[in-house]
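Architecture and fold: a report
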Amino acid sequence: MAKVLPACLLLALLLPAPALLAQQERGLVFNLDTGELCLQSAQCKSGCCHRTDGLSLARCAPKAAETQECSPKSIYGVYYKCPCESGLTCDADKTIVGSITNKDFGVCKDPRESSRR
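Residues numbered from 1 in each chain as written. Predicted model: local features only at pLDDT ≥ 70, side-chain atom pairs only at ≥ 80, totals over all residues. Heavy atoms only, no water.

This brings us to the state of the cysteines. Taken as a whole and assessed by the stated rule, the structure comprises five disulfides. Here cysteine 48 is linked by a disulfide to cysteine 82, with a sulfur-sulfur distance of 1.9 Å. Taking the sign of the S-S torsion, -85° for the link of cysteine 48 and cysteine 82, the bridge is left-handed. Of this pair, cysteine 48 sits in the loop between helix H2 (16-25) and strand E1 (49-50) while cysteine 82 sits in the loop between strand E3 (69-70) and strand E4 (89-92), and the two are 34 residues apart along the sequence. On the basis of relative accessibility, which here comes to 7%, the residue cysteine 82 falls in the buried class. (Disulfide = S-S within 2.5 Å. Helix = DSSP H or I, 4+ residues; strand = E, 2+ residues; numbered from the N terminus. Buried < 20%, exposed > 50% of the residue type's maximum accessible area, 1.4 Å probe, protein only.)

By the element assignment, glutamine 43 lies in the loop between H2 and E1. Accessibility expressed as a relative area gives 11% for glutamine 43, which makes it buried. Reaching out from glutamine 43, the side chain makes a polar contact with the backbone oxygen of valine 29 at a distance of 2.9 Å. Sequence-distant contacts of glutamine 43, defined by excluding residues within four places in its chain, comprise Val29, Phe30, Asn31, Leu32 and Cys38. (Polar contact = N/O pair within 3.5 Å; in protein donor to acceptor, adjacent residues only side chain to side chain. Contact = heavy atoms within 4.5 Å.)

This part covers the sheet that holds E3. Spatial ordering of the open sheet is given by E3-E5-E4, a layout of three strands whose pairing is antiparallel. The sheet terminates laterally at E3 and E4, the two strands that pair on one side only. When E3 meets strand E5 (residues 106-109), the two strands line up antiparallel, connected through two bridges. Across the sheet, glutamate 69 pairs through a bridge with valine 107, a residue of E5. (Pairing = 2+ DSSP bridges.)

Let's shift gears to a nonpolar patch on the surface. Together, Leu28, Val29 and Phe30 line one region of the surface with nonpolar side chains, adding up to about 340 Å² of accessible area. Position of leucine 28 relative to the elements: it lies in the loop between H2 and E1. (Patch = residues over 30% accessible without salt bridge, like charges linked within 9 Å, V, L, I, M, F, W, Y side chains within 5 Å. Areas by Shrake-Rupley, 256 points an atom, 1.4 Å probe, with all protein chains shown as cover. Salt bridge = Lys/Arg side-chain N within 4 Å of Asp/Glu carboxyl O.)

A separate point is the nonpolar core. Most often, soluble globular proteins keep nonpolar side chains buried together rather than apart. Counting residues in hydrophobic clusters, the biggest one holds seven residues: Ala64, Cys70, Cys84, Leu88, Cys90, Ala92 and Cys108. If we skip the residues at most four places from it in the chain, cysteine 90 touches Cys70, Ser71, Pro72, Cys84, Gly106 and Val107. Listed in part, the six residues of the second largest apolar core include Leu32, Cys38, Cys44 and Cys49. (Core = buried A, V, L, I, M, F, W, Y, C linked by side-chain atoms within 4.5 Å.)

Let's shift gears to the pairing of E5. Where E4 and E5 come together, four bridges link them in antiparallel fashion. Across the sheet, residue cysteine 90 finds its bridge partner in E5, namely cysteine 108.

With that settled, the discussion passes to the packing of aromatic side chains. Within the structure shown, the criterion is met by zero aromatic pairs. Above the plane of the ring of phenylalanine 105 lies lysine 81, whose end atom (NZ or CZ) is 5.7 Å from the centre. (Phe/Tyr/Trp six-rings, centres within 6.5 Å; stacked < 30°, edge-to-face > 60°. Lys NZ or Arg CZ within 6 Å of the ring centre and 35° of its normal.)

By the definition in use, this model includes four salt bridges. Where lysine 81 meets glutamate 69, a salt bridge forms, and the shortest distance between an N and an O atom there is 3.0 Å. One end of the pair, lysine 81, is in the loop between E3 and E4; the other, glutamate 69, is in strand E3, with twelve residues separating them in the sequence. Using a relative accessible area of 25% as the deciding quantity, one classes lysine 81 as partly exposed. Take glutamate 69: its relative accessible area is 46%, and that puts it in the partly exposed class. The salt bridge partner of lysine 109 is aspartate 91, with a shortest N-O separation of 3.1 Å. Placement of lysine 109 in strand E5 and of aspartate 91 in strand E4 is noted, with a sequence separation of 18 residues between them.

Written out as structure tokens, the structure is:
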């Protein structure tokens, strides 16, 4: 019986190893691909957990490109419009009124373009 216990213990330690390695590539909770269900933007590879309306399920979506509609960065982690890609800024109503009325959407712009004019 003493020889069986260490073998079972060894087997119990080795079985989860492939599952742990698989989570690094694409996890069940983090590192989610576009289109997968999410609860927070931190779960998505793209950094945007998007929902179309208050009753829809949120899914990972790509960040907004230049001239696309966007939302400023949010502490809530779920967006109706994704924030801008890196290097772009979201020209939006960033007041508390815009946030409360859900009208704080804008358009992604390249800040270098406006400084050249």
